[in-house]
Amino acid sequence: MQRTPAIYGAPPKVLGTIEFDTSEMMFWLYCSVKLPGNYSFTIPDNLKKFAELLVRVRDDAIQVRDWNDSYVYLSAKTLYVSPGNPGNRLGWHSDGFLTNDLNYIWSDRNPTLFCEPGVRLHFAADHTEALEEMNVLGELWRDVGKANTYPEKTLLRLDQTVLHAVNPEVTPGVRTFLKVSISDKPYALKGNSINHALNHPAPVEDRQVERNCPRGIAA
Ligand SMILES: [Fe+2]
């Protein structure tokens, strides 16, 4: 089995804190807000209150990748969370594993856990096997105190080298989780939120039982 380079276990990049109006319950999943060929965003009305987030992300991302040629997606969940329903899938993973996608996350409760072992790890270059290895190693490093969190309302940038997990020890209450995803490929999974003002390719791939790569298997 082919292995990845030893690049995993990097900390996220900290981009400061932001406040948002989080009073409306919502569940938007990978809603397209920019297509290649555009510099600016096309944001559905319900998500316009997060425009500052998108601008902060653009200001950062434009320094490290080709902004105009990127797809940009906004996920926004304001949901009641509890230990039995933490709002995101449990388990250690890397967003954009084996891709150059960038993800920016923000939450106002139950901050994400980051595996920061101080060394870099490598995994099987296969999504299913890598997830199993990440879960084992993530828990081992967590047990020895190498799981870190950042303050609520902090904007964090993750590339594929950042191992993380939803914190299963949830304080019940309403939680907002925001994620901006940047990719040079369109996200292809059925069930993604659709921006009716943009001509994004229609999602065609069914979601799998295990954690999905948002680009889909065919990408
Ligand atoms: Fe994630």
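Everything that follows concerns the structure shown earlier in this document.
What counts and what doesn't
- The residue numbers shown here count from 1 along each chain, following its written sequence.
- Totals for whole chains, interfaces and linings use all residues, but because this is a predicted model, local features are given only for residues with pLDDT of at least 70 and pairs of side-chain atoms are given and counted only at 80 or more.
- A run of H or I in DSSP counts as a helix once it spans at least four residues, and a run of E counts as a strand once it spans at least two, with each numbered from the N terminus.
- In this analysis, strands are considered paired if DSSP registers two or more bridges between them.
- Axis definition: a line fitted to C-alpha atoms, limited for helices to the stretch in contact. Angles are taken between N-to-C directions and run from 0 to 180 degrees.
- Here contacts are defined at the residue level, using C-beta atoms placed from the backbone and a cut-off of 7 Å between them.
- Working definition of burial: number of other C-beta atoms within 10 Å of the residue's own, with buried at 20 or more, exposed at 12 or fewer, and partly exposed in between, all C-beta atoms being placed from the backbone.
- In this context, the arc is that of the directions from the helix axis out to the C-beta atoms.

A. Looking closely at unusual backbone geometry. Backbone geometry at Leu-98 places phi at a positive 65°, although glycine is not the residue there. Mapped onto the fold, Leu-98 is located in the loop between strand E4 (93–94) and strand E5 (102–107).

B. Examining the sheet that holds strand E1 (residues 13–17) more closely. Strand order in the open sheet formed by six strands is E1-E8-E5-E10-E3-E2, and the pairing between neighbours is antiparallel. Of all the strands in the sheet, the pair left with one neighbour each is E1 and strand E2 (26–34). The mean inter-strand angle of the sheet, taken between neighbouring strand axes irrespective of direction, is 15°. Bridge count for E5 against strand E10 (residues 173–183) is six bridges, and the pairing is antiparallel. Across the sheet, residue Leu-102 finds its bridge partner in E10, namely Ile-182. Along the sheet, helix H1 (residues 51–61) contacts E1, E2, strand E3 (71–81), E5, strand E8 (154–158) and E10; its crossing angle with E10, the most-contacted strand, is approximately 35°.

C. Quick peek at H1. Three or more residues of H1 are buried, namely Leu-53, Leu-54 and Val-57. Taken end-on, H1 shows its buried residues confined to a sector of 95°, consistent with a single buried face. For H1, the exposed residues set more than 90 degrees away from the buried face come down to Glu-52, Val-55 and Asp-59. Buried residues belonging to H1 abut E2, E3, E5 and E10.

D. Region of the structure containing the sheet that holds E4. Here four strands make up an open sheet; going across it, the order is E4-E9-E6-E7 and the pairing antiparallel. The outermost strands of the open sheet, each flanked by one partner alone, are E4 and strand E7 (147–148). In this sheet, strand E9 (residues 163–165) lies alongside strand E6 (residues 113–115) in antiparallel orientation, the contact comprising two bridges. Looking at the pairing, Phe-114 lines up with His-164 of E9. Across the face of the sheet, helix H2 (residues 127–143) comes into contact with E4, E6, E7 and E9 while running at roughly 95° to E6.

This is a description of form; function is not addressed.
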